[in-house]
Amino acid sequence: MAINRRDLLIASGGALTAAMAGRALAQEAQGQPLMGNPTLPLPPQQRMGWAVVGLGSFAVGQLMPAFGDANRSRLTALVSGNPEKLARLADTYGVEHTYSYDDYDSIVDNPDIDCVQIALPVGLHAEYTIRALEAGKHVLCEKPMASTSAECEAMIAAARKAGKVLGVGYRVHFEPTNQAALAMIRGEDIGPLRHIRAEHGFQADPENWPPHRWRLEKQLAGGGSMYDIGIYGINTSLMMLEGDAPMSISAVYAYPRDDARFREVEGGVDWRITMRSGAVVSGSSSYCYAPYHSKQTYIGAKSSLRMDPATTYYENALWHEHGGRETQIPAGAPYTQFAGQVDAFSEAARAGRPHATPGEMGYRDIRLIEMAYRSADQGGAPVSLEGI
Ligand code: NAD
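Cut-offs used in this document
Residues numbered from 1 in each chain as written. Predicted model: local features only at pLDDT ≥ 70, side-chain atom pairs only at ≥ 80, totals over all residues. Heavy atoms only, no water. Near = heavy atom within 4 Å. Polar contact = N/O pair within 3.5 Å; in protein donor to acceptor, adjacent residues only side chain to side chain. Areas by Shrake-Rupley, 256 points an atom, 1.4 Å probe, with all protein chains shown as cover. Helix = DSSP H or I, 4+ residues; strand = E, 2+ residues; numbered from the N terminus. Nonpolar A, V, L, I, M, F, W, Y, C, P; charged D, E, K, R; others polar. Pairing = 2+ DSSP bridges. Contact = heavy atoms within 4.5 Å. Axes fitted to C-alpha atoms, helices over the stretch in contact; angles between N-to-C directions. Phe/Tyr/Trp six-rings, centres within 6.5 Å; stacked < 30°, edge-to-face > 60°. Buried < 20%, exposed > 50% of the residue type's maximum accessible area, 1.4 Å probe, protein only.

Side note on the site of the ligand
Consideration 1: Around the ligand, the structure places 23 residues, and the nearest of them are Ser57, Lys143, Arg171, Trp214 and Tyr232.
Consideration 2: The contact in question runs from an oxygen atom of the ligand to an N or O atom on the backbone of Leu55, over 3.5 Å.
Consideration 3: Within the side chain of Arg215, one N or O atom sits 2.9 Å away from an oxygen atom of the ligand.
Consideration 4: Burial of the ligand by the surrounding chains reaches 79%, relative to a free accessible area of 830 Å².
Consideration 5: Put simply, the parts of the chain that give the shell around the ligand at least two residues each are helix 3 (57-66), helix 8 (211-215) and helix 10 (225-240).
Consideration 6: Here the shell around the ligand gets three residues from one element, more than from any other, and that element is helix 8.
Consideration 7: Of the residues that constitute the shell around the ligand, the class distribution is 13 nonpolar, four polar and six charged.

Points about the sheet that holds strand 9 (residues 268-275)
Consideration 1: Pairing within the open sheet is mixed, and its nine strands lie in the order 14-13-12-11-7-10-9-8-15. The sheet is open, and its two borders are formed by strand 14 (325-328) and strand 15 (383-384), each paired with just one other strand.
Consideration 2: Strand direction decides the pairing type here: strand 13 (residues 318-322) and strand 14, joined by four bridges, are antiparallel. Paired with His322 across the two strands is Arg325, which belongs to strand 14.
Consideration 3: Sheet strands touched by helix 7 (residues 176-186): strand 7 (193-203), strand 11 (288-300), strand 12 (304-307) and strand 13. Its angle to strand 12, the strand with the most contacts, is close to 170°.

Re the packing of aromatic side chains
Consideration 1: According to the stated counting rule, one finds 15 aromatic pairs in the structure shown.
Consideration 2: Look at Trp50 and Phe345: their rings are 5.5 Å apart centre to centre, the planes differ by 65°, and that puts the pair in the edge-to-face class. Highlighted residues: Trp50 in strand 1 (residues 48-53) and Phe345 in helix 11 (residues 336-351), separated in sequence by 295 residues. Neither residue differs from the other here; Trp50 and Phe345 are each classed as buried.
Consideration 3: Each ring, one from Phe202 and one from Tyr292, has its centre 6.0 Å from the other, and the planes form 10°; the classification is stacked. Here Phe202, found in strand 7, pairs with Tyr292, found in strand 11; they are 90 residues apart in sequence, far enough to count as distant.
Consideration 4: Judged by its relative accessible area of 10%, Phe202 falls in the buried class.

Section: the pairing of strand 11
Consideration 1: Here nine bridges tie strand 7 to strand 11, and the two strands are oriented antiparallel to one another. Each residue of the ladder has a partner; that of Glu199, found in strand 11, is Lys295.
Consideration 2: Alignment of strand 11 against strand 12, held across four bridges, turns out to be antiparallel. Across the sheet, the residue bridging to Ile299 is Ser304, located in strand 12.
Consideration 3: Between strand 11 and strand 12, which pair antiparallel one after the other, the connecting turn spans three residues.

Looking at the sheet that holds strand 6 (residues 166-168)
Consideration 1: Read from one edge to the other, the open sheet built from six strands follows the order 3-2-1-4-5-6, with strand pairing classed as parallel. The sheet terminates laterally at strand 3 (97-99) and strand 6, the two strands that pair on one side only. Neighbour-to-neighbour, the strand axes of the sheet open up by a mean angle of 25°, direction not taken into account.
Consideration 2: Direction of pairing for strand 1 relative to strand 2 (residues 73-79): parallel, over a ladder of six bridges. Of the residues in strand 2, the one forming a bridge with Trp50 is Leu75.
Consideration 3: On the sheet, helix 11 packs against strand 1, strand 2, strand 4 (115-118), strand 5 (138-141) and strand 6 and is oriented at approximately 120° with respect to strand 1.

Here it is in C-alpha cells:
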C-alpha cells in the first residue's frame, strides 16, 4: 500500500508533521520501512484514535510527534489543565477534541477515542488510568506504572472489569538497538547470560528544570531515582533474561544524605537481583550522576554485549565484544521506538490481546523496587522475590 501524504498529514496533523511525513515517504521511496514500526499505514479513519493526558515535556517532546510516524494510530484528543496550551497544541497537531481534567470523564461519549496515553506525574497514574478504563478506553500508562504495587493491582483489576487492554510505556521494548541486542542474546553467539550490569542516572536539577520538581515529591513521584530512571535497568535487563525469573533482591542507598533535594525520596540506590538461572543483575540508579548515564552490559558465557547509551530516545549504540575485538552492531533509528510502541498498542487494543508490556509487567517492576527499598531499609539484606 502506498503512503498517502494527505492521509498522513490529516492523521498526524498540520504543518509541524509535514517533515515527519516527508521522512516516512522518503524511507518508503527507498524501500526502507520504518525500523521498529514495520507495519503498513492504514487510512486515518481505520486507525485507533488516541487521547494524550498531561501535556508536559515528555508528551509534547516525544509522544505527540510520534503520531507523525505512526501507521495504525492517530491523535484525536488532548487533555490538560492549561486551556492556552490545549488550544495551541490542538491547533498545531490538528486535534479535534480537547478536555480539561474536570471534564475528563466525558471521554466516555467520544467514539474517536479508543486508547488513552497517561503522561502525568506518577502519583496521578492510577486515578487517571482507572477513570479512562471506566470510560471504556484502553490505556497505555507511562512508566513507572504507579506509586505503589497496591495501586498497580487496582489498575489491573479495573482493566479486567472493563475488558480493556492496559499497557505500561516501556518504549525500550520497541527500540531497534535493544531489539538487535535481544535478537543476539536469543541467538548462538552470546551464550547463556551470566551477569548484567545496568547503570542509569542523571543530575536532578529542580531549580532549572521544572519537570524534576515533582520527581522529588513523594506524593507525586511515588519514589526516587529507582522509580524514574533505575526502572530502565530493571525492566530492560529482565527483557533480555526472558524465561528466567528474579529470586531475590538486595540494595543499599547511595546518595549524599545531606543533600536537600532528597528530603522526600531517595537520591540513589545500588541493587542486585539473583535470577533463578544463577545469573546476577546488578545495577545503580541515581539522581546525582553527571553526565547522564544509560549503560547496559550483557556478559555471556561465549561473548558479551555493551550498550552505551542503552535506553535513550535518539542515540543508543550496541557493541559485540568477542575474541578480544569489539564490533559495533548496526540497528535502526532509536526515535522510531515511540511510533513502534503506539502502533503495537493500537494493534493489541484492536485485537483485545495483551500488549507486549502489560500492566502485570509494570506491577512486577514496582514490586521489585518496593523490595529493593525494603532491603535498603534493612541495611542491604537480600529479600526473597519468590512468587513475584
Ligand atoms: P512534566 O512535569 O514535564 O509533565 C507533567 C504534566 O502533568 C504537566 O503538563 C503538568 O502540568 C501535568 N500535571 C497535571 N497535574 C499535575 C500536578 N498535580 N502536579 C504536577 N504536574 C501536573 O513531566 P514529564 O517528564 O513529561 O513526565 C510525565 C510522565 O511521563 C511521568 O510518568 C514520567 O515518568 C513519564 N516519562 C516517561 C519517559 C519515557 O521515556 N517513557 C520519559 C520522561 C517521562
